[in-house]
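Notes for the structure review
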Protein chains: 2
Amino acid sequence: MKKLSLPKISEQIAAPLAAIAAPQRIAILLAIGTGEACVCHLETALGWRQAYISQHLMALRKADILQDRREGRYIFYRLKNASFLDLITASATLSGLSAESVSTLINAQNHPACECPQCAPALIPLNSL
Amino acid sequence: MKKLSLPKISEQIAAPLAAIAAPQRIAILLAIGTGEACVCHLETALGWRQAYISQHLMALRKADILQDRREGRYIFYRLKNASFLDLITASATLSGLSAESVSTLINAQNHPACECPQCAPALIPLNSL
DNA sequence: TCGTTATATTCGTAAATTCGAATATGTCAG
DNA sequence: CTGACATATTCGAATTTACGAATATAACGA
């Protein structure tokens, strides 16, 4: 088997963690959850500026954590690997949060104030956030 | 159940990740592994300056990831929760590394070039003292 | 083609982080 | 007490990162 040095392997392991280890990125990943989300959805879900969200999405894309898919004017983002959510849940547990309190925030659903093609069809009141 | 906001919860989740998400910290945590290690052990295992290691140890202590125990002149560090290693392994898997290649690096054992009280006994006959 | 909408990118500065150098603290032996 | 050793802490310059502002691109409808 290939022998890897500790420094080399540590760098490789740190890369995805570094991309995720920011409150804003965690929030984005939780908002996307196991489904898909367009930027405008994240805009209303998180209440941030569009360009700001795009910047973080770009970082997550570069880190190979997110993949994007264009559909007309919209671009939908999705986790490349659902295990990234497990990583987040694991970290939540380690900081004393219940797995349940996290899972209720993992949101692949519609947002009431969002009018993107995913949310608009349904008008389900959601008392999240 | 307590209702937590997405920004708040994201910040809490990000905290331990941010503390871990650096190649140096990963290397330290892997070197400590499931056992204990004094600073001098890490010094020889990693080949870094003492003060530099202490700085990273301080960060990990503040993040509540490591705990320390003094024994005479030596201070031994140990993970507060072995699950932090699982977090690292999970991240390794996500970056395409085999779990095995990581586990061989998780090192609670002696280091041949280390003369700290944990390692030395195996190398130096007691009757030479 | 033009305007509108959805999203991306570039740029500059403020804020945070990194890491070396120097120094401090705490413990033990003599 | 003194010196040696293990480790911690402080400080500051250099590098990196965060984020707002402005601008660019791409798709669609008219």
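The text that follows walks through the structure, step by step, so that each part is easy to find.

Cut-offs applied
Residues numbered from 1 in each chain as written. Chains lettered and ligands numbered in written order. Predicted model: local features only at pLDDT ≥ 70, side-chain atom pairs only at ≥ 80, totals over all residues. Heavy atoms only, no water. Axes fitted to C-alpha atoms, helices over the stretch in contact; angles between N-to-C directions. Helix = DSSP H or I, 4+ residues; strand = E, 2+ residues; numbered from the N terminus. Parallel < 35°, antiparallel > 145°, perpendicular 65-115°, else oblique. Contact = heavy atoms within 4.5 Å. Nonpolar A, V, L, I, M, F, W, Y, C, P; charged D, E, K, R; others polar. Salt bridge = Lys/Arg side-chain N within 4 Å of Asp/Glu carboxyl O. Near = heavy atom within 4 Å. Polar contact = N/O pair within 3.5 Å; in protein donor to acceptor, adjacent residues only side chain to side chain.

Re the packing of helix α1 (residues 6–20) of chain B against helix α2 (residues 23–32) of chain B
Residues and elements named next belong to chain B. At a minimum axis distance of 7 Å, the contact between α1 and α2 shows a crossing angle of 85 degrees. What the angle tells us is that α1 and α2 run roughly perpendicular. Residue-level inspection shows Ala18, Ala19 and Ile20 of α1 in contact with α2, the latter providing Arg25, Ile26 and Leu29. Partitioning the contact of α1 with α2 into residue classes produces 5 nonpolar, no polar and 1 charged.

Looking at the pattern of salt bridges
Residues and elements named next belong to chain B. According to the stated counting rule, one finds 8 salt bridges over all chains in the structure shown. With a closest N to O distance of 3.6 Å, Glu36 and Arg78 form a salt bridge. Here Arg78 lies in strand β3 (residues 74–79) and Glu36 lies in the loop between α2 and β1 (37–38), a separation of 42 residues in the sequence. Across the salt bridge formed by Lys80 and Asp64, the nearest N and O atoms sit 2.9 Å from each other. Of this pair, Lys80 sits in the loop between β3 and α5 (83–94) while Asp64 sits in the loop between α4 (50–62) and β2 (66–71), and the two are 16 residues apart along the sequence.

Section: the protein's contact with DNA strand D
As a structural note, the neighbourhood of DNA strand D is formed by 23 residues, with Arg49 and Tyr52 of chain A together with Cys40, Ser54 and Tyr77 of chain B the closest of them. Across the atoms of DNA strand D situated within 4 Å of the protein, the share located in sugar and phosphate is 59%. Within the contact set of DNA strand D, a base oxygen lies 2.9 Å away from a side-chain nitrogen or oxygen of Gln55 of chain A. With 6 residues, α4 of chain B is the largest single contributor of residues to the surface near DNA strand D. By residue class, the composition of the surface near DNA strand D is 10 nonpolar, 7 polar and 6 charged.

Digging into the protein's contact with DNA strand C
Residues in contact with DNA strand C amount to 23 residues; listed here are only the nearest, Cys40, Ser54 and Tyr77 of chain A together with Arg49 and Tyr52 of chain B. Within 4 Å of the protein, atoms of DNA strand C come from sugar and phosphate in 62% of cases. In the model, a sugar or linking oxygen of DNA strand C is placed 3.4 Å from a nitrogen or oxygen of the Arg73 of chain A main chain. Backbone polar atom of Ile75 of chain A to a phosphate oxygen of DNA strand C: 3.3 Å apart, as the coordinates give it. Broken down by secondary-structure element, the contributors of at least two residues to the surface near DNA strand C are α3 (39–47), α4 (50–62) and β3 (74–79) of chain A together with α2 and α4 of chain B. For the surface near DNA strand C, the element with the most residues is α4 of chain A, which contributes 6 residues.

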